[in-house]
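Residue-level structure breakdown
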Amino acid sequence: MKAIFPGHEDTFRRRGFSVRPYAKYLRLVKDHCEVHILESPSGYLLEIPVVRAYPGEAFPERVTKYLEERNASPKGPGTFVVRGDTIWCVCEVAGGEETGEADSVAETAHRVAEAASCLVQQVELLGPKILNLR
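Everything quoted here is computed from the prediction, not taken from an experiment. (Residues numbered from 1 in each chain as written. Predicted model: local features only at pLDDT ≥ 70, side-chain atom pairs only at ≥ 80, totals over all residues. Heavy atoms only, no water.)

Quick look at unusual backbone geometry now. The backbone of F5 sits at a positive phi, close to 55°, despite the residue not being glycine. Of note, F5 is situated in the segment before α1 (9-13). (Helix = DSSP H or I, 4+ residues; strand = E, 2+ residues; numbered from the N terminus.)

Quick look at the structure:
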């Protein structure tokens, strides 16, 4: 599997992220958030693990109801989904480097970095609300 945005790590560092490339995804860390960036058929999928359920327990109905209401509103980037025992905030950014030109790759890296920054702000705002509902 090819690396995601090789040579463009500074685009993310300038936004305050530390960059850790892995085999299947690019991991960005900023403050208390880690953003996983994966390639998708239409671009890049950004995911932030928000909160994990207590071992052996499901999330209370008030949490899932809050997530449904939040997802139905046009507020901020990302959608909150429950996958397994974790609530994730996910967002997709369209690719643009199909031509392979350096400018297109740099531009896409910039758009992904911007989306990652916005997603981190959203999770930092809503994460405590979700924790309080538990």
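Structure shown, so let's carry the discussion forward.
Here the focus is the pairing of strand β6 (residues 86-94). Burial analysis of β6 places seven of its nine residues in the buried class, which makes it a mostly covered element. Relative to β6, strand β4 (residues 43-52) runs antiparallel, the two sharing nine bridges. Bridge pairing links P49 to W88 in β6. Between the antiparallel neighbours strand β5 (residues 79-83) and β6 lie two residues, among them G84 with a positive phi of about 65°. (Buried < 20%, exposed > 50% of the residue type's maximum accessible area, 1.4 Å probe, protein only. Pairing = 2+ DSSP bridges.)

This brings us to helix α2 (residues 61-72). Taking 1.5 Å of rise per residue, the 12 residues of α2 would be expected to cover 16 Å, and the 16 Å separating its terminal C-alpha atoms lies within 8% of that figure. Taken together, the buried positions of α2 are V63, L67 and R70. Projection of α2 onto a plane perpendicular to its axis shows the buried side chains occupying an angular sector of 65°, all on one side. Across α2 from its buried face, at more than 90 degrees, point the exposed residues E61, E68 and A72. (Expected span 1.5 Å × (residues − 1). Arc of directions from axis to C-beta.)

The residue Y25 is located in the loop between β1 (18-21) and β2 (26-30) in this model. Separated by 13 residues in sequence, Y25 and L38 have C-alpha atoms that sit 4.8 Å apart.

What follows is about the sheet that holds β1. In space, the six strands of this open sheet follow the order β1-β2-β3-β4-β6-β5, with antiparallel pairing throughout. At either margin of the open sheet sits one strand with a lone partner, and together these are β1 and β5. Neighbour-to-neighbour, the strand axes of the sheet open up by a mean angle of 30°, direction not taken into account. Across five bridges, the pairing between β5 and β6 is antiparallel. (Axes fitted to C-alpha atoms, helices over the stretch in contact; angles between N-to-C directions.)

What follows is about the pattern of salt bridges. For the structure shown, the criterion picks out six salt bridges. One salt bridge in this structure joins R15 and E114, with 2.8 Å as the shortest N-O distance. Of the two residues, R15 is situated in the loop between α1 and β1 and E114 in helix α3 (residues 102-133); the sequence distance between them amounts to 99 residues. Look at R15 and you get partly exposed, because its relative accessible area is 24%. In this structure, K65 and E69 form a salt bridge, with 4.0 Å as the shortest nitrogen-oxygen distance. In this pair, K65 and E69 both sit in helix α2, four residues apart, roughly one turn of the helix. Assessed through its relative accessible area of 46%, E69 is described here as partly exposed. (Salt bridge = Lys/Arg side-chain N within 4 Å of Asp/Glu carboxyl O.)

Bringing the state of the cysteines into the picture now. Using the criterion set out here, one finds zero disulfides in the structure. Looking at C33, it has no disulfide partner, and the nearest cysteine sulfur is the one in C89, 9.0 Å off. (Disulfide = S-S within 2.5 Å.)

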